[in-house]
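Coordinate inspection notes
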Amino acid sequence: LLEAVYPQSFSVDECASGMWRFRSWLPVMSEGTTDAGSICFPAPELGSAVGLDDLWLSFSGYWPERGGACPTGSFKDLEVAPTLQRLLECGSPGVVVATAGNTGRSFAHFGGVVDYPVVVVVAEQHLPRIWRPGSPQAASTVVVALRDADYGNATEWAGRLADRIGWQL
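Residues numbered from 1 in each chain as written. Predicted model: local features only at pLDDT ≥ 70, side-chain atom pairs only at ≥ 80, totals over all residues. Heavy atoms only, no water.

A word on the sheet that holds strand β6 (residues 118-123). Read from one edge of the open sheet, three strands run β5-β6-β7, paired in parallel fashion. Sheet topology places β5 (95-99) and β7 (141-146) at the edges, where each strand pairs with a single neighbour. Within the sheet, the average angular offset between the axes of one strand and its neighbour, ignoring direction, is 20 degrees. Bridge count for β5 against β6 is five bridges, and the pairing is parallel. Within β6, the residue paired with Ala98 across the bridge is Val121. (Pairing = 2+ DSSP bridges. Helix = DSSP H or I, 4+ residues; strand = E, 2+ residues; numbered from the N terminus. Axes fitted to C-alpha atoms, helices over the stretch in contact; angles between N-to-C directions.)

Right, let's get into the side chain of Arg105. Inspection of the secondary structure puts Arg105 in helix α3 (residues 102-114). A polar atom in the side chain of Arg105 sits 2.9 Å from the backbone oxygen of Arg129. Sequence-distant contacts of Arg105, defined by excluding residues within four places in its chain, comprise Thr72, Ser74, Arg129, Ile130 and Trp131. (Polar contact = N/O pair within 3.5 Å; in protein donor to acceptor, adjacent residues only side chain to side chain. Contact = heavy atoms within 4.5 Å.)

Another point: the environment of Leu84. Assignment of secondary structure puts Leu84 in helix α2 (residues 76-89). For Leu84, a relative accessible area of 2% gives the class buried. Sequence separation between Leu84 and Val118 is 34 residues, and the spatial gap between their C-alpha atoms is 9.9 Å. Here Leu84 is in contact with Val95, Phe107, Phe110, Gly111 and Tyr116, once residues within four sequence places are set aside. (Buried < 20%, exposed > 50% of the residue type's maximum accessible area, 1.4 Å probe, protein only.)

We now examine unusual backbone geometry. Of note, the phi angle at Asp115 is positive, near 55 degrees, even though the residue is not glycine. Among the secondary structure elements, Asp115 is positioned in the loop between α3 and β6. In the Ramachandran plot, Asp148 falls in the positive-phi region, its phi being about 50 degrees despite a non-glycine side chain. Among the structural elements, Asp148 can be located in the loop between β7 and α4 (151-165). The exposure class assigned to Asp148 is exposed, which follows from its relative accessible area of 78%.

Next up on the list: α4. Given a rise of 1.5 Å per residue, 15 residues ought to cover 21 Å, and the 21 Å separating the end C-alpha atoms of α4 matches this to within 8%. All buried positions along α4 are accounted for by Ala154, Ala158, Gly159, Leu161 and Ala162. Burial along α4 is one-sided: seen end-on, the buried residues are contained in an arc of 170 degrees. Seen from the buried face of α4, the exposed residues on the opposite side, beyond 90 degrees, are Asp163 and Arg164. Next to the buried residues of α4 lie β5, β6 and β7. One or two positions beyond α4, positive phi appears at Gly166, with a value near 75 degrees. (Expected span 1.5 Å × (residues − 1). Arc of directions from axis to C-beta.)

In structure tokens form, the structure reads like this:
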């Protein structure tokens, strides 16, 4: 079985916000300028209804009133924020992403927030899923829609493009 072994014990940085509170276990050197985070909260009424004494729920989405900080509404925001921070720290010139929706939407959003070059490759049928919350597409993001294609075609095309231009896939 795969086992994760970390060089230091788990710690929470209470001065940081969102996922950056757990930076000691993220593959980054420093806290990024973007933020995403899920929330956990007790649900005693639901717990009682299903026979559990201490039920907690985890929410990964957009619910600002409760602290849900995934602006695209997807848990993929939790992946993309530290991934972009890592790419910036490693000096990668840009990233090419194949997607059917959530991943591309998150990369388009967070790439635009930090003005990092992102190419999103998507089958045309999934194009309506690629949107950026609150504003038009950022100048640093290009969306390529493949006609008469599926996710497999998008993945293949994105890999060839990343190899050709020397960006991270």
